[in-house]
Amino acid sequence: MTADQVKKALVSAVPGLQAELRPRPVGVRTRVEVPELWVDVSREGLVPVVAALKAAGPLHISIISGRDKGEEIELLYHFAVGYGTPGGEVMVTLRVGVPASDPTVPSICGILPGAETTEREKIEFLGIHFTGIPSTAHVFLPDGFTGHPWRKDDPETARHVKRMVEWEGKDA
Amino acid sequence: MGLSSFKRALWVFHIATGSCNGCDIEIVAALTPRYDVERFGIKLVGTPRHADALLVTGPVTRPMAERLKRVYEQTPDPKAVVVVGGCGSTSGVFYESYNVVGPVDEIVPVDVYVPGCPPRPEAIIHGVVTAVAKLEELAGEKR
Amino acid sequence: MPETQNVYEIPIGPIHPALKEPVRFTFQVEGERIRAVDVRAGFAHRGIEFMGMRRNLIQTLYLSERICGICSISHPIAITLAVERAAGIEVPPRAQYLRVIFSELERIHSHLLWAGVAAHELGFDTLLHLTWKVREQVLDILEELSGNRIDYAIPIYGGVRRDISPEQIPKVEAMIRYYRGLLEELVDAFLRDPSVAARTRDVGVLTPEEADLLCAVGPTARASGLSKDVRQDRPYLVYGELGVKAITPRDWGLEPRGDVYDKAVVRLLEVGQSLDLIETCLYEMPEGEITSFPKIPALLAHLKKAEGEGLGWHEAPRGEVIHYIRLEAGVEEPVAWKVKAPTYSNLMSWVPMFADQEIADIPIIAASIDPCICCMDRVHMVRDGSPATLLKEDLLRLSREKTERLTGHPSPVTRHGGGL
């Protein structure tokens with residue numbers, strides 16, 4: 001699997017999609033470059049893009065990471081395309097921005113059932129709504145926990161944070 | 001502590017309350033041939049109802065706090081609680097989290113603290129021996 | 001017999017059977033057969049990422065070491081690689097080799113640990129004690145090199161914190177010789193033992209298709225015959241040059257079946273592979289600096305100015321670890337930090353593996369993915385005093401009875417219940 005093949009697959013799903021190649025030099029005696037692609041995708045484009053990646057080669061989802069940027073919540077889908085190809089995996093990161101007022105994203109579990117745990121985790125931590133996800137039960141947080149710890153200034157989380165170390169400057 | 005010989009075998013129950021596994025594998029290491037605590041009659045048991053002492057590891061996460069209490073109540077008296085590891089003793093690096101409610105002594109009474117991240121098996125054995133001394137004292141008082 | 005629905009629910013955990021760590025299973029059983037399973041994690045969830053996003057990067061590094069005491073090299077390697085990528089820090093060649101040596105030492109200790117636990121779950125305590133006895137040798141070397149048996153504090157942004165001195169090299173070589181001489185015996189005890197085979201063959205099967213769809217990683221995926229290994233597929237550090245090949249049961253001359261036996265094959269063979277890698281690194285490692293930032297204040301100042309994002313990955317003993325980090329100029333804390341531990345990816349594999357298995361096989365199947373709950377939780381409530389709750393001792397007893405039934409004679413294990 002090469003970066004160009006992945007780019008072709010991305011463009012076939014969403015015409016005109018721009019992928020930024022960030023080659024990663026590795027090695028000491030013989031330097032090689034491991035391709036990393038970073039792509040901005042709209043939430044409407046997410047499912048077609050993942051389907052195209054799946055069609056391009058064995059697809060593995062490492063994790064979905066994310067952060068609260070204030071008005072927008074940024075989700076980063078980290079995939080390994082061509083999973084299991086010696087020296088030939090391409091790390092593809094899809095960046096999906098959703099408004100904090102309407103954090104709805106289509107679930108990709110239909111294409112990749114292995115994504116369920118990480119999607120459920122994003123429900124808990126960032127309060128994302130995944131449409132079509134098989135289960136929305138908590139994985140990590142206690143059942144009665146209604147907060148979203150990674151949201152900025154989440155009152156429910158703040159209530160639970162125990163101030164243990166009072167001598168730490170900013171918390172005194 | 002003036003303990004020259006054990007008057008009894010000590011059975012311990014291990015409960016992990018959200019530890020990182022470091023202390024837990026050192027507890028197992030204490031049981032295996034190099035340290036071999038079974039030669040002293042110290043043995044891990046499968047239920048708190050058979051135990052004389054509790055070995056508690058971990059900073060106590062929110063869902064485990066209630067279970068720790070329940071396990072403590074299920075352990076028959078006289079009993080001793082040994083906290084193994086820095087995070088169980090003082091919360092250690094796990095401060096300021098929404099899901100950590102420890103350290104252990106905020107949840108149940110503690111008799112022996114074994115600090116270290118993780119403590120060596122020798123230190124864990126020493127902690128358990130200190131607990132034996134405490135239990136023998138308790139037994140003496142009752143007589 | 002009239003057809004009736006005899007499905008019972010058995011909750012196990014969170015303080016429980018096979019594992020030392022808290023996780024809860026709810027099994028739907030019909031007689032001795034498991035019909036369905038629900039896994040609830042989160043009991044060991046400490047909110048590590050949340051805490052990390054409120055501390056400076058050096059503190060976050062120490063926190064990453066305490067995600068898991070068994071993977072206390074793997075998580076720091078992944079986070080340092082991510083931060084180095086985000087902040088544009090180069091790692092000196094010698095430090096790259098040293099990181100590989102330490103992570104392979106960790107793999108040896110972790111795989112031997114698993115082998116012992118697996119033997120215990122089968123009721124073969126003699127083998128548990130044998131493997132844990134020989135495991136002490138690698139812990140001695142780790143202590144010699146790092147100063148601690150567990151939690152080594154070796155990787156730091158820009159390099160490593162300790163070098164291997166010329167006087168220490170013969171000790172590492174002696175360890176390699178010790179394990180090479182012993183590996184055949186260990187392999188014999190596990191893989192050529194008829195009772196081990198009877199308890200693990202065709203138990204807890206994960207087909208390659210399921211492994212692929214559920215995104216399984218590490219030995220769990222490799223035992224199903226998928227040749228996936230981050231060290232091979234997505235080179236980092238010096239693994240690309242070392243020519244690492246993913247080990248599957250084919251390397252043992254068997255067609256992969258994806259059962260517990262195959263998982264043991266993969267892990268035991270990987271011990272040998274790690275020995276080779278350590279040896280190669282010791283000879284190929286160039287002289288030179290071990291870190292590009294010998295002074296911590298200079299490192300912190302550089303990190304505070306850094307702006308960017310990065311990914312770091314590593315093949316931990318259990319599979320792929322990946323960290324994502326985002327740094328912003330002017331703030332000491334990472335603005336985003338996401339940790340993915342291998343058990344996180346393998347969690348879903350338990351569902352097909354438990355399907356249609358016997359209750360007595362629960363401990364060994366649960367242990368077969370080498371679950372590391374503390375890694376993953378970064379889980380629900382048992383119904384109070386439910387009469388259906390199995391005690392850990394009952395499960396071990398069932399497991400041991402099955403071994404006895406299969407071998408036709410009492411197994412040479414302690415019969416008085418106790419467990420790990």
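## Remarks on the overall build of chain B
Next up, step 1: Along chain B, the regular secondary structure elements total 4 helices and 5 strands.
Next up, step 2: Ordered by position from the N terminus, the helices and strands of chain B form the series β-α-β-β-α-β-α-β-α.
Next up, step 3: For a compact globule of 143 residues, the expected C-alpha radius of gyration is about 15 Å, and chain B comes in at 14 Å, within 12% of that figure.
Next up, step 4: Dimensions of chain B, computed from C-alpha atoms along their principal axes, come out at roughly 45 × 35 × 25 Å.
Next up, step 5: Here chain B holds 143 residues, and 63% of them are scored as buried.
Next up, step 6: The contacts of chain B with a sequence gap of at least 6 include a subset with a gap of at least 24, amounting to 82%.
Next up, step 7: For chain B, the exposed surface amounts to about 5100 Å²; the carbon and sulfur share of it is 53%.
Next up, step 8: Distance between charge centres in chain B, computed from 15 positive and 16 negative side chains, equals 5 Å.

## A few points about unusual backbone geometry
Next up, step 1: Of the consecutive residues B:Asp77 and B:Pro78, the connecting peptide bond is found in the cis state with omega at -5°.
Next up, step 2: Within the fold, B:Pro78 resides in the loop between helix H2 (62-74) and strand S4 (80-84).
Next up, step 3: Omega for the bond connecting B:Cys117 with B:Pro118 falls within 30 degrees of zero, at -10°, which places this linkage in the cis form.
Next up, step 4: Although it is not a glycine, B:Asn21 sits at a positive phi angle of roughly 90°.
Next up, step 5: Tracing the backbone through its elements, the reader meets B:Asn21 in the loop between strand S1 (11-16) and helix H1 (22-31).
Next up, step 6: With relative accessibility at 5%, the residue B:Asn21 sits in the buried group.
Next up, step 7: One non-glycine residue, C:Asp151, adopts positive backbone phi at about 60°.
Next up, step 8: Exposure remark for C:Asp151: the relative accessible area of 3% places this residue in the buried category.

Scoring rules and cut-offs
- Residues numbered from 1 in each chain as written.
- Chains lettered and ligands numbered in written order.
- Predicted model: local features only at pLDDT ≥ 70, side-chain atom pairs only at ≥ 80, totals over all residues.
- Heavy atoms only, no water.
- Helix = DSSP H or I, 4+ residues; strand = E, 2+ residues; numbered from the N terminus.
- Rg over C-alpha atoms; globule rule 2.2 N^0.38 Å.
- Buried < 20%, exposed > 50% of the residue type's maximum accessible area, 1.4 Å probe, protein only.
- Contact = heavy atoms within 4.5 Å.
- Areas by Shrake-Rupley, 256 points an atom, 1.4 Å probe, with all protein chains shown as cover.
- Lys, Arg positive; Asp, Glu negative; His and termini not counted.
- Charge placed at Lys NZ, Arg CZ, Asp CG, Glu CD.

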